[in-house]
Amino acid sequence: MKKLMAANWKMFKTWDEAQATALELVDLAAASLPADREVLVCPPFTSLGAVAEVFAGVPRFFTGGQDFYCREEGAFTGEIAPGMLLDLGASFGLTGHSERRHVIGESDQLVGEKTAFGLAAGLSVILCVGELIEERRAGRVEEVLERQLRIGLAGVPRDIEPKRLCVAYEPVWAIGTGEVAGPGEILEAHAFVRKTLVAIFGDNANEMRVLYGGSVKPSNCAEIIALDNVDGVLVGGASLQGESFSQIVLA
Ligand code: 13P
């Protein structure tokens with residue numbers, strides 16, 4: 001299974017900035033990318049085309065959307081369809097990022113609809129899950145992860161091609177805070193995610209990638225991706241500069 005080193009640029013970067021960072025990343029990381037790694041960058045919709053153009057023809061470099069809507073087309077002002085992402089050259093889409101859930105207010109059900117729809121439309125999907133700090137303190141981590149996974153994956157066929165479905169465990173309290181989860185916390189959560197995926201998809205789930213996200217940086221990435229059941233990372237802040245993301249990608 002190839003490790004997926006993924007960047008989420010959130011609401012940062014104009015077209016020109018995105019293009020420059022993508023060029024720098026290819027320059028720094030493409031030639032020396034280990035054979036068992038893939039790179040994904042998820043820019044804002046408005047600069048996705050710039051990154052897709054730079055990555056076109058670069059082996060194992062992919063682009064993705066940070067979100068998408070669960071209809072092919074129609075009167076859905078402000079939304080973007082999976083087909084539109086594919087048309088720009090993207091092959092991945094995120095669903096259920098904590099900022100979509102907790103800032104924009106997306107429900108587990110909507111996240112689940114998007115996940116199933118995106119996969120059916122031909123995208124590879126990274127379903128993001130993770131608990132709030134109050135939920136961790138209350139001992140509810142597994143309950144929250146199980147609910148987000150069960151509802152988030154409810155419409156996904158059991159025989160889905162496993163490399164097209166990833167889960168990112170992103171504890172909300174570790175996102176953008178500099179407070180990375182400890183190895184024990186990551187191991188425990190990832191083992192639970194894997195167990196739940198196996199319960200839903202059977203053996204197929206052993207080929208699905210489970211990524212960690214939350215304050216990943218060049219100095220902690222190697223330790224994190226060496227942990228059991230960690231098949232990649234999803235990086236926010238430290239992915240915005242080509243220099244630091246290339247160090248993560250090659251860590
Ligand atoms: P940070 O890497 O900035 O903590 O963000 C993580 C994240 O939300 C990736 O999706």
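Structure shown above.
My aim in this report is to walk through the structure given alongside it, one point at a time. Here the structure is a predicted model, which is why all the values come from computation and not from measurement.

## Regarding the site of the ligand
Item 1. By nearness alone, 13 residues border the ligand, and Lys10, His97, Gly176, Ser215 and Gly237 come closest of all.
Item 2. Between the ligand and the protein, one listed contact pairs an oxygen atom with a side-chain N or O atom of Asn8 at 3.1 Å.
Item 3. Here an oxygen atom of the ligand sits 2.6 Å away from a polar atom, N or O, in the main chain of Gly176.
Item 4. Starting from 310 Å² of accessible surface for the ligand in isolation, the protein chains cover 95%.
Item 5. Split into classes, the residues belonging to the shell around the ligand amount to four nonpolar, seven polar and two charged.

## Some points on helix 5 (residues 108-121)
Item 1. Compared with the 20 Å implied by 1.5 Å per residue over 14 residues, the 20 Å span of helix 5 between its first and last C-alpha is a close match.
Item 2. For helix 5, the full list of buried residues reads Asp108, Val111, Gly112, Lys114, Thr115, Ala116, Gly118 and Leu119.
Item 3. Tucked inside the fold, the buried residues of helix 5 contact helix 3 (82-88), strand 4 (92-95), helix 4 (98-104), strand 5 (124-129), helix 7 (141-152) and strand 6 (165-169).
Item 4. Just beyond helix 5, the residue with positive phi is Gly122, at close to 110°.

## Overview of the side chain of Ser47
Item 1. When you line up the elements, Ser47 lands in helix 2 (residues 45-55).
Item 2. Note on Ser47: relative accessible area 0%, which makes it buried.
Item 3. Ser47 has contacts with Lys13, Thr14, Trp15 and Ala18, leaving out every residue within four places of it along the chain.

## Notes on the pattern of salt bridges
Item 1. By the definition in use, this model includes 15 salt bridges.
Item 2. For Glu106, the salt bridge is made with Arg100, and the minimal N-O distance between the two is 3.0 Å.
Item 3. Residue classification places Glu106 among the buried residues on the basis of a relative accessible area of 9%.
Item 4. A salt bridge links Asp231 to Arg194, with the nearest nitrogen and oxygen atoms 2.7 Å apart. Within this pair, whereas Asp231 is found in the loop between helix 9 (218-225) and strand 8 (232-235), its partner Arg194 is found in helix 8 (residues 183-201), the two being separated by 37 residues in sequence.
Item 5. Overall, the relative accessible area of 10% leaves Asp231 in the buried class.
Item 6. Residue classification places Arg194 among the buried residues on the basis of a relative accessible area of 8%.
Item 7. Among the ionic contacts, a cluster of salt bridges with common partners joins Asp67, Arg100, Glu106 and Lys114.

## Quick notes on the side chain of His190
Item 1. Checked against the element boundaries, His190 lands in helix 8.
Item 2. Assessed through its relative accessible area of 0%, His190 is described here as buried.
Item 3. Sequence-distant contacts of His190, that is, excluding residues within four places in its chain, are made with Tyr169, Val210, Leu211, Tyr212, Asp228, Asn229 and Val230.

## Comments concerning the state of the cysteines
Here, disulfide denotes a covalent bond that connects the sulfur atoms of two cysteines.
Item 1. Summed over all chains, the structure comprises zero disulfides.
Item 2. In this structure Cys128 is not part of a disulfide, and its nearest cysteine sulfur, from Cys42, lies 8.7 Å away.
Item 3. No disulfide involves Cys166; its nearest neighbouring cysteine sulfur is the one of Cys128, lying 9.9 Å away.

## What about the pairing of strand 5?
Item 1. Burial within strand 5 is extensive, with six of its six residues counted as buried.
Item 2. Burial along strand 5 is two-sided: Ser124, Ile126 and Cys128 and Val125, Leu127 and Val129, pointing in opposite directions, are all buried.
Item 3. Inspection of the sheet shows strand 4 paired to strand 5 by four bridges, in the parallel sense. Residue pairing across strands places Phe92 opposite Ser124, the latter belonging to strand 5.
Item 4. Where strand 5 meets strand 6, five bridges bridge the pair, whose relative direction is parallel. What sits directly across from Leu127, in strand 6, is Val167.

The rules behind each value
- Throughout this description, residue numbers start from 1 for each chain and increase along the sequence as written.
- Given that this is a predicted model, residues contribute local features only at a pLDDT of at least 70 and side-chain atom pairs are listed and counted only at 80 or more, while totals for whole chains, interfaces and linings are drawn from all residues.
- Note that the side-chain values use all heavy atoms of the structure and ignore hydrogens as well as water.
- Nearness is defined per residue: one heavy atom within 4 Å of the molecule or strand is enough.
- Throughout this description, a polar contact denotes any pair of N or O atoms lying within 3.5 Å of each other; where both atoms belong to protein, one of them has to be capable of donating a hydrogen while the other can accept it, and for residues adjacent in sequence the pair is counted only when both atoms sit in side chains.
- Note on areas: Shrake-Rupley, 1.4 Å probe, and residue coverage restricted to the protein chains presented here.
- Side-chain classes are defined by residue name, with Ala, Val, Leu, Ile, Met, Phe, Trp, Tyr, Cys and Pro counting as nonpolar, Asp, Glu, Lys and Arg as charged, and the others, Gly among them, as polar.
- Working definition: helices are DSSP H or I runs of at least four residues, strands are E runs of at least two. Numbering for both runs from the N terminus.
- For a helix, the expected span equals 1.5 Å multiplied by the number of residues minus one.
- Buried residues are those whose accessible area, probed at 1.4 Å on protein chains only, stays under 20% of the maximum for their type, while exposed residues exceed 50% and partly exposed ones sit between those limits.
- The contact definition used throughout considers only heavy atoms, calling two residues in contact when any of these lie within 4.5 Å.
- Think of a salt bridge as a Lys or Arg side-chain nitrogen and an Asp or Glu carboxyl oxygen that are within 4 Å of each other.
- Cysteine sulfur atoms are paired as a disulfide whenever they fall within 2.5 Å.
- Two strands qualify as a pair provided DSSP detects at least 2 bridges between them.

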